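Spelled out from the first residue to the last, the chains are:
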Amino acid sequence: MFERFTQPARAVVVRAQEEARTLGHPWLGTEHLLLGVLAQPLAPGVNVLTELGVTLDRSRAAVGELVGSGGLCQSDADALRTLGIDLDEVRRRVEASFGPGALDHPWLSLNAPPRQPRRRRPWRRRRCEQGDVTEHLPFMPRAKRALERAMREARAVGDEYIGVEHVLLGLLDPKSNTAVELLRHLDTDPEVIRIRVRTDLGKAA
Amino acid sequence: MTEAVDAAAAATNQDPRVGLRAVAALRQLVERLEALQVDSARRHGWSWEEIGQALGVSRQAAHKKHGRR
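Keep in mind that this is a model prediction, so the values were computed, not measured.

1. So, the overall build of chain B
So, point 1. Scanning chain B from terminus to terminus reveals four helices and zero strands.
So, point 2. What you see in chain B, going N to C, is helices and strands ordered as α-α-α-α.
So, point 3. By the burial criterion, 25% of the 69 residues in chain B qualify as buried.
So, point 4. In the form shown here, chain B has an accessible surface area of approximately 4,800 Å², with 57% of it arising from carbon and sulfur atoms.

Dropping the structure here:
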């Protein structure tokens, strides 16, 4: 899949994996890809984000707020409050029975990516209980879709390669994803960003 | 008190976005609670039959959903 990706575009994916791991997320989502893009401020198109104040640090903090540990986040808590449910109280009671962090354990979520198929090497002991660091995190469906969109974006403008700018455009999915939600959370309009990036790239060409 | 006020506000809130978001969060909460309780039941030696019965689903359904975690 990555054959036609430029070096910086590959670096985006590698960085996305690192960001996900640092956040303790066992999956690779559009939010991590966006952080990967922001780690390449000099790549074409990325200046549109930085000019709007969307920096790596701010975005990383926003991922923490929006996605949290992958469990129930603040926006879930707000939504539950509209039903009269106090998530903090639920969490307190659950933790009293099951220990700290019980409700927010990432593997509890059924939205979490499916387990990797078991390796067929029963004689070899697993190196690490928490998962091998060199192992790739599974792509969430929207992240996969974003990369497919990146390829289409490149093809649409006749580019042979897939660069950071195409990945960025791929992330700005009109069908929305966590990256798009994150940009909205940072008071920017993803639609405006998409138009600006396209215009900038058109000028550069 | 504020909870009651919030709940009352929600009941009168006609915006589907708010309502649907709340349903999504509630579902997420339910799934997590279910996973915790099923794991705990397994640790206490419950069979899938018993777990299914308590959850109101079949033994197979309970195992299919939670067996591989």
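2. Considering the side chain of His 66 of chain B
So, point 1. With respect to the helices and strands, His 66 of chain B occurs in helix α4 (residues 59–66).
So, point 2. Those residues within four positions of His 66 of chain B in sequence are excluded, and the remaining contacts are Glu 34, Ala 35, Val 38 and Trp 48 of chain B.

3. A closer look at the packing of aromatic side chains
Residues and elements named next belong to chain A.
So, point 1. In this structure the tally under the stated criterion is two aromatic pairs over all chains.
So, point 2. Considering the side-chain rings of Phe 2 and Phe 5, the 5.0 Å spacing of their centres and the 80° angle between planes classify their relative orientation as edge-to-face.
So, point 3. Their ring planes at 35° and their centres at 6.5 Å tell us that Phe 2 and Phe 139 sit as a pair that is tilted. One end of the pair, Phe 2, is in the segment before α1 (7–22); the other, Phe 139, is in the loop between α6 (87–98) and α7 (141–156), and 137 residues separate them in sequence.
So, point 4. According to the relative accessible area criterion, Phe 2 is partly exposed, its value standing at 28%.
So, point 5. The class of Phe 139 is partly exposed, set by a relative accessible area of 24%.
So, point 6. What links up through ring pairs into an aromatic cluster is the set Phe 2, Phe 5 and Phe 139.

4. Let's talk about the nonpolar core
Residues and elements named next belong to chain A.
So, point 1. Among the nonpolar cores identified, the biggest contains 43 residues, and Leu 33, Leu 34, Val 37, Leu 49, Val 167 and Leu 171 are the most heavily contacted of them.
So, point 2. At the level of secondary structure, the elements contributing two or more residues to this core comprise α1, α2 (30–38), α3 (46–51), α4 (56–67), α7, α8 (164–171), α9 (178–185) and α10 (190–204).
So, point 3. No other element matches α7, which puts six residues into this core.
So, point 4. Ignoring anything within four residues of it in the chain, the contact list for Val 167 reads Phe 5, Ala 9, Val 12, Val 37, Leu 147, Ala 150 and Ile 162.

5. Notes on α4 of chain A
All names here are of chain A.
So, point 1. Under the 1.5 Å per step criterion, the end-to-end length of α4 is 16 Å for 12 residues, consistent within 8% with the ideal 16 Å.
So, point 2. For α4, the complete set of buried residues consists of Leu 56, Ser 59, Ala 62, Val 63, Leu 66 and Val 67. The arc that holds every buried residue of α4, seen down its axis, measures 120°, which confines them to one face.
So, point 3. On its buried face, α4 sits against α1, α2 and α9.
So, point 4. Within two residues after α4, Gly 68 carries a phi angle of roughly 60°, on the positive side.

6. Overview of the confidence of the model for chain A
Residues and elements named next belong to chain A.
So, point 1. Taken over all residues, the pLDDT of chain A has a mean of 84, while the share at 70 or more is 82%.
So, point 2. Low confidence marks residues 109–116, where pLDDT is under 50. Its contacts with residues over four positions away, or in another chain, come to 19 contacts.
So, point 3. Scored below 50 in pLDDT, residues 124–133 shows three contacts in the model against residues more than four places distant or in partner chains.

7. With respect to the pattern of salt bridges
Residues and elements named next belong to chain B.
So, point 1. On inspection of all chains with the given rule, the structure shows 17 salt bridges over all chains.
So, point 2. A salt bridge links Asp 15 to Arg 17, with the shortest nitrogen-to-oxygen separation between them at 3.2 Å.
So, point 3. For Asp 15, a relative accessible area of 26% translates into the label partly exposed.
So, point 4. Among the residues examined, Arg 17 registers a relative accessible area of 66% and is labelled exposed.
So, point 5. Residues Glu 31 and Lys 65 are paired through a salt bridge, measuring 2.9 Å at the closest nitrogen-oxygen approach. In this pair, Glu 31 is assigned in helix α2 (residues 16–43) and Lys 65 in helix α4, connecting sequence segments 34 residues apart.

8. Description of the packing of α4 of chain A against α9 of chain A
Residue and element names in this part refer to chain A.
So, point 1. At a minimum axis separation of 10 Å, α4 and α9 run at an interaxial angle of 110°. As judged from the angle between their axes, α4 and α9 are roughly perpendicular. Here Ser 59, Ala 62, Val 63, Glu 65, Leu 66 and Val 67 of α4 come into contact with α9, specifically with Thr 178, Glu 181, Leu 182 and His 185.
So, point 2. Taken together, the residues of the contact of α4 with α9 sort by class into five nonpolar, three polar and two charged.

9. Overview of the packing of α2 of chain A against α9 of chain A
Residues and elements named next belong to chain A.
So, point 1. With their axes 7 Å apart at the nearest point, α2 and α9 run at an angle of 65° to one another. Within the contact between the two elements, α2 uses Thr 30, Glu 31 and Leu 34 and α9 uses Thr 178, Ala 179, Leu 182 and Leu 183.
So, point 2. A class-by-class count of the residues in the contact of α2 with α9 yields four nonpolar, two polar and one charged.

About the thresholds
- Residues numbered from 1 in each chain as written.
- Chains lettered and ligands numbered in written order.
- Predicted model: local features only at pLDDT ≥ 70, side-chain atom pairs only at ≥ 80, totals over all residues.
- Heavy atoms only, no water.
- Helix = DSSP H or I, 4+ residues; strand = E, 2+ residues; numbered from the N terminus.
- Buried < 20%, exposed > 50% of the residue type's maximum accessible area, 1.4 Å probe, protein only.
- Areas by Shrake-Rupley, 256 points an atom, 1.4 Å probe, with all protein chains shown as cover.
- Contact = heavy atoms within 4.5 Å.
- Phe/Tyr/Trp six-rings, centres within 6.5 Å; stacked < 30°, edge-to-face > 60°.
- Core = buried A, V, L, I, M, F, W, Y, C linked by side-chain atoms within 4.5 Å.
- Expected span 1.5 Å × (residues − 1).
- Arc of directions from axis to C-beta.
- pLDDT = per-residue confidence, 0-100.
- Salt bridge = Lys/Arg side-chain N within 4 Å of Asp/Glu carboxyl O.
- Axes fitted to C-alpha atoms, helices over the stretch in contact; angles between N-to-C directions.
- Parallel < 35°, antiparallel > 145°, perpendicular 65-115°, else oblique.
- Nonpolar A, V, L, I, M, F, W, Y, C, P; charged D, E, K, R; others polar.

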